[in-house]
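What the coordinates show
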Amino acid sequence: MPETSILVIEDDEHIGQILTFILQRQGYQTTLAADGLAARKAIVSTDTPPSLVLLDVMLPYIDGFELVHIIREREAWKDVPIVMLTAKHTEKDIVRALDEGANDYVVKPFQPNELLARVRRHLKEQA
Amino acid sequence: MESILDFRLPANIYLQAAFWAGISALGLTLLVGLQIIALRMSMRRTQRREQALTLKWRPLLNAAIAGEELGNLPELPWRDRVLFIKLWLHLQQAVRGEASEGLNAIARRLGCDEHMRKLLVSGNRAERLLATLALGHMRDRESWPALARAVHAADSASSVHALWALVQTDAARAAYEMAPLLLRRDDWPLSQLGNILQNARSEWQPVLAEALSRTSPEELPPALRLVAALRIDLPQAQLQAYLDSPHVDVVLAALRLARSPHVIGQVRRHLESTDWRIRLQAVRALGELGDRSDVARLRTLLSDPEWWVRYRAAQALLALPFLTEAELAQLRDSSDRYAADMLTQVLAEKEAA
């Protein structure tokens, strides 16, 4: 069985490390993109998408909403579950993220166990 | 041949002054240059210490966040404590729940709670602020008296963070002790207060209502505006009493709190006020509370002599969820020209948003 891979897009180095740590601890393979440009490069450079994308909203160069749009435009990536991770917990941002095509959202500060439960659920639905 | 040893100061007093001024400027330039080099070296040393500390402690802090049991911890040198707490705070701000508790446990094992208590009392402003944030995350009851004193400080940033720390530690006790002060402090940023009370509304609501009842008539309007901005509801009887107040400022502030259908009668009565500011607030409230019977009332106010009241009436009508597009078009066609123009303008604004 191929390893479950997760693309983590997070510009805060420390938060990126927390996410990588807790996901790898569950046996997931992770790739970390630290800004919008690196994330776009990771998305457009391959037709083999990860099993799930964990995506911060506020990113340098290209924001999370635009990245969701880029992901959904690509045929091979259009069914990849996207979980948005955002400090902006206003209803407007959540609605916008879901409208753009995200599957779910987690509000920062987050509970690692809640985040992992959501990741598991989306991976299970996709399988 | 002349050598540098043969140099003599010029005899002219002005030339001598210019010479020594030049020497002094050169000396000062050298001193500033040395200071810059020293600062750069100190900054590089701190950066290296920070990098080494992050490499050493981040895996352990991540493990604590993930809920792993940690065995023996490495020693944390005294001089690295503040750097450690800065890293720890950064992680604290990213997580909550059990993960936050895991971070607290590791900080206490390292004696950071004791160190932060000392900084809170005897540190400089930056250190006191750092200690306040750290002790708030730790929910440290021992530092309650020092934090309570800090809430009364004139410094807005320090005092509002101290309030946050108290609410984190014991929301009910903080409400009981700090509600009257909160109603008086107009220098605390509303958005920050909103965040602080976000998860403590049930503890603060009754205490703030009680504190309001003891507030002087002069202080009541700003206090009510604050409670409205924090979206804290008041008991029905208390709100009704404010809505019936003879003081215009109290009624204006109370109308901002009118979010319950129980006060809709009073809100409707205020639509007929002679003070346009009261009509304006009543229209705004009716936009949130109104039913079908209010369409006719709001339509009448589309022809109000005051532009802002007409504008708010149009906004309120368009916000009514039960009004269909056909009904709206009929309303526009059957209204006078000013009312129709206002409806068209607000509709255009809504579409452009």
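Along every chain, residues carry numbers that run from 1 in the direction the sequence is written. Working convention: letters from A go to chains and numbers from 1 go to ligands, in the order in which they are written. pLDDT decides what is reported in this predicted model: residues at 70 or higher carry local features, side-chain atom pairs at 80 or more are listed and counted, and totals for whole chains, interfaces and linings draw on all residues regardless. Heavy atoms from the whole structure form the basis of all side-chain values; hydrogens and water molecules are not counted.

Turning our attention to the packing of aromatic side chains. Residue and element names in this part refer to chain B. Centre distance within 6.5 Å is the pairing criterion for rings of Phe, Tyr and Trp, where only the six-membered ring of Trp is used; planes under 30 degrees apart are then read as stacked, over 60 as edge-to-face, and the remainder as tilted. Within this structure, the stated rule accounts for 5 aromatic pairs over all chains. A centroid spacing of 5.7 Å and a plane angle of 85° characterise the contact between Trp 308 and Tyr 311, whose relative ring orientation is edge-to-face. Note that Trp 308 and Tyr 311 are positioned in helix α17 (residues 307-319) at a spacing of 3 residues, about one turn of the helix. Exposure classes here rest on a 1.4 Å probe applied to the protein chains alone. A residue is buried below 20% of its type maximum, exposed above 50%, and partly exposed in between. We classify Tyr 311 as buried; its relative accessible area is 12%. Here the aromatic residues Trp 307, Trp 308 and Tyr 311 are joined through ring pairs into a cluster of three or more. Segments assigned H or I by DSSP are reported as helices when at least four residues long, segments assigned E as strands when at least two residues long, and all are numbered from the N terminus.

It is worth spelling out the layout of surface pockets at this point. Buriedness for pockets is judged along seven lines, at least five of which must meet protein on both sides within 12 Å for an open set on the 1 Å grid over protein atoms alone, while cavities are sets there where a 1.4 Å probe fits but cannot get out, and lining residues have an atom within 4 Å of a point. Grid points are joined across faces, edges and corners, and a volume is the space filled by probe spheres set on the points. A volume near 1100 Å³ is recorded for the largest pocket. The wall of the largest pocket is formed by 31 residues, among which A:Pro109, B:Trp164, B:Gln168, B:Asn195 and B:Asn199 lie closest to the centre. Listed by contribution, the elements that provide at least two residues to the lining of the largest pocket are α2 (81-92), α3 (98-109), α5 (125-138), α7 (156-169) and α9 (190-197) of chain B. Here the lining of the largest pocket takes 5 residues from α7(B), the largest share from any one element. Residues that form the lining of the largest pocket fall into these classes: 13 nonpolar, 13 polar and 5 charged. Polarity classes work like this: nonpolar for Ala, Val, Leu, Ile, Met, Phe, Trp, Tyr, Cys and Pro, charged for Asp, Glu, Lys and Arg, and polar for all others, with Gly in that last group.

All names here are of chain B. Position of Glu 142 relative to the elements: it lies in the loop between α5 and α6 (144-151). The class for Glu 142 is exposed, based on a relative accessible area of 62%. Along the primary structure Glu 142 and Arg 117 are separated by 25 residues, whereas in three dimensions their C-alpha atoms are 8.4 Å apart.

With that out of the way, let us pick up the interface of chain B and chain A. We call two residues in contact whenever any of their non-hydrogen atoms come within 4.5 Å of each other. With 19 residues of chain B in contact, the opposing surface of chain A contributes 17 residues. A simple way to read buried area is as the amount of 1.4 Å-probe accessible surface that goes missing from two parts once joined, with both sides added. The junction of chain B with chain A conceals about 1500 Å² of combined surface from both sides, 55% of it contributed by carbon and sulfur atoms. Interface area lost by chain B to chain A is led by B:Arg58, B:Ala94 and B:Arg96, which between them contribute 37%. Salt bridge, as used here: a side-chain nitrogen of Lys or Arg that lies within 4 Å of a carboxyl oxygen of Asp or Glu. Along the contact surface separating chain B from chain A lie 3 salt bridges. Between B:Arg58 and A:Glu13 there is a salt bridge whose closest N-O contact spans 3.0 Å. Counting residues per element, the ones that place at least two in the side of chain B that touches chain A are α1 (13-65), α2 and α3 of chain B. Ranked by the residues each element gives to the side of chain B that touches chain A, the list is headed by α1(B), at 6 residues. When its residues are assigned to classes, the side of chain B that touches chain A shows 9 nonpolar, 6 polar and 4 charged.

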